[in-house]
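Structural features, examined
As a plain string of letters, each chain reads:
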Amino acid sequence: MKLSILVYGSPNGSQAAATAYRFTKAALEKGHEIYRVFFYGDGVYAASALNTPPQDEQDLSSLWRELGEQHNLDMVVCIAAALKRGVLDPGEAKRFEKSAHNLSAGFTLSGLGQMMDASQQSDRMITFGY
Amino acid sequence: MSTTAKNILAVMRTGPYGNQTAKEALDAVLTAAAFELPLSLLFMDDGVFQLLPQQDTQGIGAKDLSATLPVLPMYDVERFYVEQSSLESRGINSAELILPVEVLDSEQVKVLFAESASILSF
Amino acid sequence: MILHTVNKSPHTSNCLQSCLRTLSDQDALLLIEDGVYAADNHYANQTEALGEEITLYVLKADVDARGLQNRLSSRFQVIDDAAFVDLCVQYPKTQSWY
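Residues numbered from 1 in each chain as written. Chains lettered and ligands numbered in written order. Predicted model: local features only at pLDDT ≥ 70, side-chain atom pairs only at ≥ 80, totals over all residues. Heavy atoms only, no water.

So, about helix α2 (residues 60–71) of chain A. Residues and elements named next belong to chain A. In this model α2 runs 16 Å from its N-terminal to its C-terminal C-alpha over 12 residues, within 8% of the 16 Å that 1.5 Å per residue would give. Considered for burial, the residues of α2 that qualify are L60, S61, S62, W64, L67 and G68. Looking at the buried positions of α2, the neighbouring elements they touch are β1 (2–7), α1 (16–29), β2 (33–39), β3 (75–78) and β4 (107–110). Count one or two residues on from α2 and you reach N72, which has phi positive near 50°. (Helix = DSSP H or I, 4+ residues; strand = E, 2+ residues; numbered from the N terminus. Expected span 1.5 Å × (residues − 1). Buried < 20%, exposed > 50% of the residue type's maximum accessible area, 1.4 Å probe, protein only. Contact = heavy atoms within 4.5 Å.)

How big an interface is tends to be stated in terms of the accessible area lost upon association of its parts. Taken together, the 14 residues of chain C in the interface contact 20 residues of chain B. Summing the contributions of chain C and of chain B, the shared interface buries around 1,300 Å²; its carbon and sulfur component is 48%. When the buried area of chain C at its contact with chain B is split by residue, C:R21, C:K93 and C:Y98 rank highest and sum to 42% of it. One can count two salt bridges joining chain C with chain B. Between B:E83 and C:R21 there is a salt bridge; the shortest N-O distance is 2.7 Å. At the junction of chain C and chain B, the tally comes to 12 residue pairs in polar contact (both at pLDDT 80 or more). Residue composition of the side of chain C that touches chain B, grouped by class: five nonpolar, seven polar and two charged. (Buried area = accessible area lost by both parts, 1.4 Å probe. Salt bridge = Lys/Arg side-chain N within 4 Å of Asp/Glu carboxyl O. Polar contact = N/O pair within 3.5 Å; in protein donor to acceptor, adjacent residues only side chain to side chain. Nonpolar A, V, L, I, M, F, W, Y, C, P; charged D, E, K, R; others polar.)

With that settled, consider the interface of chain B and chain A. Taken residue by residue, the interface counts 22 residues in chain B and 18 residues in chain A. Carbon and sulfur atoms supply 55% of the area that chain B and chain A bury against each other, a total of about 1,400 Å² over both sides. For the chain B face of the interface with chain A, the top three residues by lost area are B:K6, B:E24 and B:L120, together amounting to 35%. The tally of links between chain B and chain A comes to two salt bridges. The partner of B:E24 in a salt bridge is A:R85, and the shortest N-O contact between them spans 2.9 Å. In this structure, the connection of chain B to chain A is made through eight residue pairs in polar contact (both at pLDDT 80 or more). Contributing elements (two or more residues each) for the side of chain B that touches chain A: α1 (21–34) and β5 (118–121) of chain B. Counting residues per element, the side of chain B that touches chain A draws most heavily on α1(B), which supplies eight residues. Tallied by class, residues from the side of chain B that touches chain A come to 11 nonpolar, seven polar and four charged.

This part takes up the environment of A:A80. All names here are of chain A. Following the sequence through the fold, A80 ends up in helix α3 (residues 79–84). For A80, a relative accessible area of 48% corresponds to the partly exposed category. Through-space distance from the C-alpha of A80 to that of D56 is 32 Å; in sequence the pair is 24 residues apart.

Given below as structure tokens:
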């Protein structure tokens, strides 16, 4: 079955980001197709490549990146939510004349249309709120 | 897209300014409207506070959501529902709200949930 | 047929109460994260009073993490992450209370 996952919680602000990751991993292990993982609100913080938790703590940014690479996941970060929280890709950094960019590999910035598309194209959609 | 589209229920449960949720939920709703997706909005819990009149956000430096919500009917979003018990427990009269809402009791809210094809939980 | 998830403690949030008002027969309730505190047998009177046609679940990893293994109401089925995915497939829609 085709599932989409909406993630609204940041890795540090709530448990939601970790639960969403576990759910996605379990769904893939069961052979389901993940149509899209959409990061919105504070969920976008998971896409920062600069997150550097201590070694004995879970590094969700890396975990998502690795899961995304393994399964070629469409991991979309809402561009408006990301920009205002300082998560930028090279193109946006240039456009807004910022000195650095930090969008982690495997994530894509795009618009809320991708959330609506997921709502229409997926068999199931589940939200992990903060 | 709209002819075969799944109808969406957006559940708005947070007050307008304590965090970004109401603002970002409204952005999502406006996007759904721009895509001409069939859309209903249910305001419950503190979400009903989004609909109070006389919001003046100058003092807190936030964008006034009550100025944006009334544009939704111009995008053909016309199904606005509020949960009766959320209104009652907050002492709000539906006639004073900034959108023309239909008040639903809990049985009607259950039907609304059951009839939607896709839920956006905010 | 809706799967409702609640991720907040009933002691600090109205999520569970709002969920219970909108829960229909044939729906299911899954407690996750801090929501699992509502399955504690010292608190679960309200959920235990729900009709048998509403199935109640609690997520194992969150129960274990919080040391609630021996405090759970028997009305709740303890499920793992894979079974959470199964519920999401079994129920066409999910409403997340957070």
